[in-house]
Amino acid sequence: LNPSSDGGWMILHAFEGLLTYSQDEQLQPGCADLPEISEDGLTWTFKLFEGLKWSDGTDLTAHDFVYAWTTALNPEFASEAADQYYDIKNAQAYNTGKATVEEVGVKALDDYTLEVTMEYPNGLFEEKVASVKMAPVRQDIVEQFDDPREWAITPDTLVVNGPYKMTSYQSKNQIVLTKNENYYNADKVAIDEVVVKFIEEATTSLASFKTGEVDICSNIPTAEVPGMIADGTALARPMLATYYYSLNMDPETQDPAVYEALSKLEVRQALSLAIDRTLITEKVVQGGQTPSKGFVPAGITMPDGSDWTDASNYEFIQPTADPERAKELLAAAGYPNGEGFPVMEIFYNTSESHQAIAQVVQDMWKQTLGITVELVNKETKVFADERQQGLFQIARSGNLNYSTVYPDILELFQSVNIGTTNESRYNNPEYDALINAAAQELDLAKKLEILRQAEDMVIADLPIIPVYSYANVVAVQDHIDNFTMDTSGLIKFEYMSLK
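Caption draft 1: Structural view of helix α13 (residues 380-389). Listed in full, the buried residues belonging to α13 are Phe383, Ala384, Glu386 and Arg387. Each element contacted by the buried residues of α13 is listed here: β13 (344-349), β14 (373-378) and β15 (394-400).

What follows is the structure, encoded as structure tokens:
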């Protein structure tokens, strides 16, 4: 799995799982019909549609799903998506070296029947199955290479089953996607070719949009955003995701002096209270983002119709800064007015927006706390690799919540995800126990109660500093019809057409 949002967008167009989402984000059949579930909820049977093909014309079968899922769980593969499968019997045990692959509860009964045995009943497993994280891959293609990720680099070996296939890849320049004629729903895909250009500079990106060189622009200078939204050139869509800073809590990878400071809870609380989230959302990013009220983003609908964040009320996550309280906490930690506090680094990947936010946070911490912070810009791939390895002090982070009915984003901070999605390297057995208990709880109301306790715990420990709930701002040319972007912020070309 590619951990970046851009990578996720590519995977979304190239692959499709057993189930998928409609244009209005309702679960629907993908490669298989909706599952048959046993009365005890422990056996799920998926019947694949016959005649499915890979982009090279080879038959797609249930065996491709077995290979993809068990490979993601292979501890040597170290997939970020491994915990997606933990509802399956012995999946976590295999992923942690306590069971064999043969003991994992997924098997192909024949070419068109996939049987999944669950560790415990989970009515929300369908949502996970519909994620691209559980899409199939071809064993004969992947195993041509020593590195199982190499097959995805070139068009000749990137064999896919989704609406588009990659026909050209120029590193740091562009990707060309062409309609996959072997996709089962190819007749409904109206746009035959999509050229995806890599433009890091927002001003260059917008200039390309204004000259008509690009049809859709998702990288807009922050100063231009309000005006473009006002005149209708750009669309602002809420996104189920949180923008936050990860604090490296691992003494093995963190700078010793910085670790000594960040290991003090009062320091982390002071850093959070010194941030004016409203100023950042209204004056810096200006695209409909909302200040964080906790770690879980706005947009998750509760059974009573309220939003999850309506009940979020955390002392150290405030919409505006509390300078006096922040100063008191820093002094209580032994650093009055920042005296003796080590110089810290904020890592961020190349982006005008990330840079602008980091500069504002840098200034807030300097003015309020007397702390000196240096900003370190990294090329996106290097940044992602080093962040996963813990080679940072404080790093920009952002993650999606995939479900619209419960906060699965909290699963990021399980200790089993250290080195992947748990970038802060947060390790709390009590937190792990809560997440595991929530996964096994069938009653949605009780599941939500447990997850509320989990959010309370991670906010009390503050290994991360939430900043805002994302919104996506995208400029779209008038000749694009039926523009579609889901709550994950992913643009879906298979639903669009050209006027």
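Caption draft 2: Quick peek at the pattern of salt bridges. Tallied over the full model, the rule gives 14 salt bridges. Two residues, arginine 425 and aspartate 250, come together in a salt bridge whose shortest N-O distance is 3.1 Å. Taken together, the residues arginine 425 in the loop between β15 and α14 (429-440) and aspartate 250 in the loop between β11 (234-247) and α8 (256-262) connect sequence positions 175 residues apart. Of the residues examined, aspartate 250 reaches a relative accessible area of 16% and is grouped as buried. Glutamate 315 is paired through a salt bridge with arginine 325; the nearest N and O atoms lie 3.2 Å apart. Taken together, the positions of glutamate 315 in the loop between β12 (290-291) and α11 (323-332) and arginine 325 in helix α11 put the pair 10 residues apart, joining distant regions of the chain. Taken together, the salt bridges that share partners define one network made up of Asp56, Arg138 and Asp140.

Caption draft 3: Spotlight on the packing of helix α10 (residues 277-285) against helix α12 (residues 352-369). Running from N to C, α10 and α12 point in directions that differ by 135 degrees, and their axes come no closer than 11 Å. Regarding the angle of α10 to α12, the classification is oblique. The two elements α10 and α12 meet at a crossing, and its hand is right-handed. Across the interface between the two elements, Leu279, Ile280, Val284 and Val285 of α10 pack against Ser353, Ala356, Ile357, Val360, Val361 and Met364 of α12. For the contact of α10 with α12, a count of residues per class yields nine nonpolar, one polar and no charged.

Caption draft 4: Expanded view of the sheet that holds strand β9 (residues 193-197). Judged by pairing direction, the sheet is antiparallel, and its three strands sit side by side in the order β7-β8-β9 without closing on themselves. Unpaired on one side and paired on the other, β7 (164-170) and β9 mark the two borders of the sheet. Mean inter-strand twist for the sheet, computed between neighbouring axes without regard to direction, equals 20 degrees. With six bridges joining them, β7 and strand β8 (residues 174-179) adopt antiparallel strand pairing. Across the sheet, glutamine 170 pairs through a bridge with glutamine 174, a residue of β8.

Caption draft 5: Region of interest: the pairing of β9. Going residue by residue along β9, you find Val194 and Val196 tucked away on one face and Glu193, Val195 and Lys197 left uncovered on the opposite face. Direction of pairing for β8 relative to β9: antiparallel, over a ladder of five bridges. Counterpart to threonine 178 in the pairing with β9 is glutamate 193.

So, how was this worked out
Residues numbered from 1 in each chain as written. Predicted model: local features only at pLDDT ≥ 70, side-chain atom pairs only at ≥ 80, totals over all residues. Heavy atoms only, no water. Buried < 20%, exposed > 50% of the residue type's maximum accessible area, 1.4 Å probe, protein only. Helix = DSSP H or I, 4+ residues; strand = E, 2+ residues; numbered from the N terminus. Contact = heavy atoms within 4.5 Å. Salt bridge = Lys/Arg side-chain N within 4 Å of Asp/Glu carboxyl O. Axes fitted to C-alpha atoms, helices over the stretch in contact; angles between N-to-C directions. Parallel < 35°, antiparallel > 145°, perpendicular 65-115°, else oblique. Left-handed = near helix turned anticlockwise from the far one by under 90°. Nonpolar A, V, L, I, M, F, W, Y, C, P; charged D, E, K, R; others polar. Pairing = 2+ DSSP bridges.

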